[in-house]
Amino acid sequence: MEATFRIWETSRNIYLKFFDNYSLEQLNTIPAGMSNNLIWNLGHVVVSQQKLVYALSGLPMHISDSLFEKYQNGSRPDGKTTQAEVDEIKKLLSEMVEKTKADFEVGIFKEYHPYQTKTGFHLGTWKEAMEFNNYHEGIHLGIMMSIKKHI
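Note that this is a predicted model, so its numbers are computed, not measured. (Residues numbered from 1 in each chain as written. Predicted model: local features only at pLDDT ≥ 70, side-chain atom pairs only at ≥ 80, totals over all residues. Heavy atoms only, no water.)

Mind laying out the side chain of N36, listing which residues take part and the relevant values?
As for its position among the elements, N36 is in the loop between α2 (24-28) and α3 (38-54). For N36, a relative accessible area of 8% translates into the label buried. Within the structure, the side chain of N36 is placed 2.9 Å from the side chain of N41, a separation counted as a polar contact. For N36, the residues in contact, after removing those within four places along its chain, are T29, I30, P31, N41, P77, I143 and I147. (Helix = DSSP H or I, 4+ residues; strand = E, 2+ residues; numbered from the N terminus. Buried < 20%, exposed > 50% of the residue type's maximum accessible area, 1.4 Å probe, protein only. Polar contact = N/O pair within 3.5 Å; in protein donor to acceptor, adjacent residues only side chain to side chain. Contact = heavy atoms within 4.5 Å.)

Tell me about the environment of D103, and name the residues and values.
Mapped onto the secondary structure, D103 falls in helix α5 (residues 83-106). The residues touching D103, leaving out its near neighbours within four places in the chain, are Y54, H62, I108 and F109.

Tell me about the UniProt feature "domain: DinB-like" (unreviewed entry) in the chain, and name the residues and values.
Under the UniProt annotation, the feature "domain: DinB-like" (unreviewed entry) is placed at residues 8-144. Helix makes up 63% of residues 8-144 and strand 3%, and the two end C-alpha atoms of the span are 17 Å apart. (UniProt positions renumbered as here; feature names shortened; annotations may be inferred.)

Spelled out as C-alpha cells, the structure:
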C-alpha cells in the first residue's frame, strides 16, 4: 500500500496547486463545450474517494452530506461555488490523505461492499478501491488540464 499512498499523495499535491494558480472566478468557469469546471473536479475527487473507500467499507464518510450531494457522480456544477466551499475542498484534499493513511495503519478497514463502477471496474476489496481511486483521480486531472486551456 505504500506505493498506492505515495501516488495518491503526489496526485493530491498537484491538485492543490490549482488553488494557488486560479481565482475563484476561474475555478467556477465552465468553458464552452464542457460540462464541468475546475472546482467541480476538485470536489468530485474528494467525494468519490470518501464513497469508494469509506462508505463502501461500511464506515462514515468525513464530508458533509451537502458536499456529497453537490459533487457526487452524476452531479453538475452551477458555477456558483463560494470561497468558503473552495476553502473546505482545499482542506479536505490534503487532510483526507493523512486521515486515510492513519485509518489504514490502525486497521479500521475490515470489510468492503463490492461495487461496479460506471466505467466497468469491479471493486471487491478496499485495496482495489484505493487503486481505482488513483486511476479515477488521474482521469479528472486530465480533464482539468483540458479545462485550464480554455480559461
